[in-house]
Structures are given as structure tokens and as C-alpha cells.
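Spelled out from the first residue to the last, the chains are:
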Amino acid sequence: MLIRDETAGDITAISRLVTEAFLTLAQSTGTEASIVEKLRADGALTLSLVAEEEGEVIGYLAASSARIGTQDGWGLIGPIAVLPSRHRQGVGTALMAEALRRLRATSRGATLVGDPAYYGRFGFRAFPGLSVAGCPPEVVQALPFDGNEPRGEVIHHPAFGLSQHE
Ligand SMILES: CC(C)(COP(=O)(O)OP(=O)(O)OC[C@H]1O[C@@H](n2cnc3c(N)ncnc32)[C@H](O)[C@@H]1OP(=O)(O)O)[C@@H](O)C(=O)NCCC(=O)NCCS
């Protein structure tokens, strides 16, 4: 399996894969592929990684810039998606490892909204006061690279369509 940056030729496969993967998730909004498309159109994808095997795109991870409270310099990971037929074979782990390796060089930390049962294994956790409007606090998680505790609202790209206070 190869983890690499997206190319123009991957774009259709990425949208299809993200749509298909999120169909398996009860809390899916059905808008995840369009989030990626909007981030791309706005030049806001700081990472757009694909997992490729035998020429097929089997996994995808996006990251964009975010602020936490008054602190710039956070990398927001998501969406992350793996082809359902390839779940639980380490594809998501490989994408996350590469994303964190790259973000460590450019960001003060990573943040995301998702299931703590999955993201805890990568070192993500909730912090007091860390929030995204409308999300339960336990699903809003961060992994600071410098050990400092993130505090405040995660201010993210409007493509996510979540409410925020600015
Ligand atoms: C979540 C997702 C990206 C994980 O990708 P994956 O390639 O299946 O994950 P991995 O094989 O790397 O899994 C690593 C570990 O996490 C576990 N795991 C996978 N999905 C999990 C989940 N939803 N909840 C809890 N644990 C999970 C695996 O069992 C594995 O554990 P093990 O090493 O002890 O066996 C993939 O299941 C997916 O595309 N789901 C639909 C979209 C989605 O939920 N995206 C995230 C939204 S926040």
C-alpha cells in the first residue's frame, strides 16, 4: 500500500470512496464528499492523502487549517474514509500515521471530531473547554504536539457546515 498526495486523476475516485465509506456510518450527514470538494475548490486542503493499492484508491484523508480559541496553527483532520471492503486492514492507521508525521512539521497540533474509541489509539483526547458548537464535548479531540492544552472553540473552514461563533 502506498500513501501519497492526491493528483487530479484521483478526484472522482475520492468523492466516490468518501460517499461509499460514510454510508456505513449511522451519524453520516451525506455531505462528506462535498466537504472535500469545497475545501479543494477553496485551496484549503493542507493535506489530501490517498491510500493506493494496485492502482486503486482505497483510502483518503483530508486536513485543513484551524484555530483553537485564539491559537492559529492547528491542523484539522477530516474527513477520513476507507473503502468498506477494506475496513479493519490498517488503511486508516497508515493514513493517520502519515498525516500526523506531516502535520508535526507544520502545525502545533492536530484536532478532529470523531469517535474517541477509534481516535484515542493515535493519542487524541478531549480537553476541558475544547469545543465545536453543536457537538458533544467527548467527540471533539486534539493531539497537541508541544504538550500545551488546547482550550476554546475549534474555528474551522465553513465547508464543514457546522455552526460556529464567528
Ligand atoms: C474509520 C475508518 C476510517 C477506519 O479505517 P480502517 O482502515 O478500517 O481502520 P484500521 O484498520 O486502521 O483500524 C485500526 C483499529 O481501529 C479499529 N477500528 C476501526 N474502525 C473503528 C471504529 N469505527 N470504532 C472503533 N474502532 C475502530 C480497528 O478494529 C483496528 O483495531 P485493531 O488494530 O485493534 O484491530 C473506516 O472504518 C471508515 O472509513 N469508516 C467510515 C467513515 C468514518 O467513520 N470516518 C470517520 C468519521 S469520524
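The preceding data block contains the structure.
This is a predicted model, so every value here is computed, not measured.

**Q** Which parts of the structure should I look at to understand the overall build of the protein chain?
**A** If you tally the helices and strands in the protein chain, you get four helices and eight strands. Along the protein chain, helices and strands appear, N-terminal first, in the series β-α-α-β-β-β-α-β-α-β-β-β. In terms of overall dimensions, the protein chain is globule-like: its C-alpha atoms have a radius of gyration of 15 Å, near the 15 Å expected for 166 residues. Across the 166 residues in the protein chain, those meeting the buried criterion constitute 48%. Considering only contacts in the protein chain between residues 6 or more positions apart, those separated by 24 or more positions represent 58%. When the accessible surface of the protein chain is split by element, carbon and sulfur atoms take 52% of a total near 8,300 Å².

**Q** Would you mind showing me how to read the side chain of glutamate 32 here?
**A** Tracing the backbone through its elements, the reader meets glutamate 32 in helix α2 (residues 32-41). At 11 Å, lysine 38 is the nearest oppositely charged side chain to glutamate 32, a buried residue that forms no salt bridge. Only 3.3 Å separates the side chain of glutamate 32 from the side chain of serine 28, close enough to count as a polar contact. In this structure glutamate 32 touches Val18, Phe22 and Pro79, once residues within four positions along its chain are discounted.

**Q** Which parts of the structure should I look at to understand the pattern of salt bridges?
**A** Between side chains of opposite charge, a pair can form when the charged atoms approach closely. All chains considered together, the criterion is met by eight salt bridges. Taking the shortest distance from any N to any O, the salt bridge between arginine 4 and glutamate 52 comes out at 2.7 Å. On the criterion of sequence distance, the pair formed by arginine 4 in strand β1 (residues 2-5) and glutamate 52 in strand β2 (residues 47-53) is long-range, its members being 48 residues apart. Between glutamate 149 and arginine 125 there is a salt bridge, with the nearest N and O atoms lying 3.4 Å from each other. Residue glutamate 149 is located in the loop between β7 (140-144) and β8 (152-155), and its partner arginine 125 is located in the loop between α4 (116-119) and β6 (130-131); the two are separated by 24 residues in the primary sequence.

**Q** Looking at this structure, how should I read the site of the ligand?
**A** In the neighbourhood of the ligand, 20 residues make up the surrounding shell, with Val82, Arg88, Gly90, Gly92 and Thr93 lying closest. With respect to the ligand, the backbone of glutamine 89 contributes an N or O atom lying 3.1 Å from an oxygen atom. Elements supplying a minimum of two residues to the shell around the ligand: α1 (11-22), β4 (71-82), α3 (91-106) and α4. Partitioning the shell around the ligand into residue classes produces 10 nonpolar, seven polar and three charged.

**Q** What should I look at first to understand the packing of α1 against α2 in this one?
**A** The interhelical angle for the contact between α1 and α2, taken along N-to-C directions, is 145 degrees, at an axis separation of 8 Å. Here α1 contributes Ile11, Ile14, Ser15, Val18, Thr19 and Phe22 to the contact with α2, which in turn contributes Glu32, Ala33, Val36, Glu37 and Arg40. Its residues assigned to classes, the contact of α1 with α2 comprises six nonpolar, two polar and three charged.

**Q** Which parts of the structure should I look at to understand the pairing of β2?
**A** Consecutive side chains along a regular strand alternate between the two faces of the sheet. Counted residue by residue, β2 has five buried out of seven residues, so it is predominantly covered. As paired elements, β1 and β2 share four bridges and run antiparallel to each other. Paired with isoleucine 3 across the bridge in β2 is alanine 51. When β2 meets strand β3 (residues 56-68), the two strands line up antiparallel, connected through seven bridges. Of the residues in β3, the one forming a bridge with valine 50 is tyrosine 60. The hairpin formed by β2 and β3 contains two residues between the paired strands, and glutamate 54 there has a positive phi angle of roughly 45 degrees.

**Q** Looking at this structure, how should I read the environment of glycine 69?
**A** Residue placement: glycine 69 occurs in the loop between β3 and β4. Discounting residues that sit within four places of it in the chain, glycine 69 has contacts with Arg151, Gly152 and Glu153.

Calculation rules
- Residues numbered from 1 in each chain as written.
- Predicted model: local features only at pLDDT ≥ 70, side-chain atom pairs only at ≥ 80, totals over all residues.
- Heavy atoms only, no water.
- Helix = DSSP H or I, 4+ residues; strand = E, 2+ residues; numbered from the N terminus.
- Rg over C-alpha atoms; globule rule 2.2 N^0.38 Å.
- Buried < 20%, exposed > 50% of the residue type's maximum accessible area, 1.4 Å probe, protein only.
- Contact = heavy atoms within 4.5 Å.
- Areas by Shrake-Rupley, 256 points an atom, 1.4 Å probe, with all protein chains shown as cover.
- Lys, Arg positive; Asp, Glu negative; His and termini not counted.
- Salt bridge = Lys/Arg side-chain N within 4 Å of Asp/Glu carboxyl O.
- Polar contact = N/O pair within 3.5 Å; in protein donor to acceptor, adjacent residues only side chain to side chain.
- Near = heavy atom within 4 Å.
- Nonpolar A, V, L, I, M, F, W, Y, C, P; charged D, E, K, R; others polar.
- Axes fitted to C-alpha atoms, helices over the stretch in contact; angles between N-to-C directions.
- Pairing = 2+ DSSP bridges.

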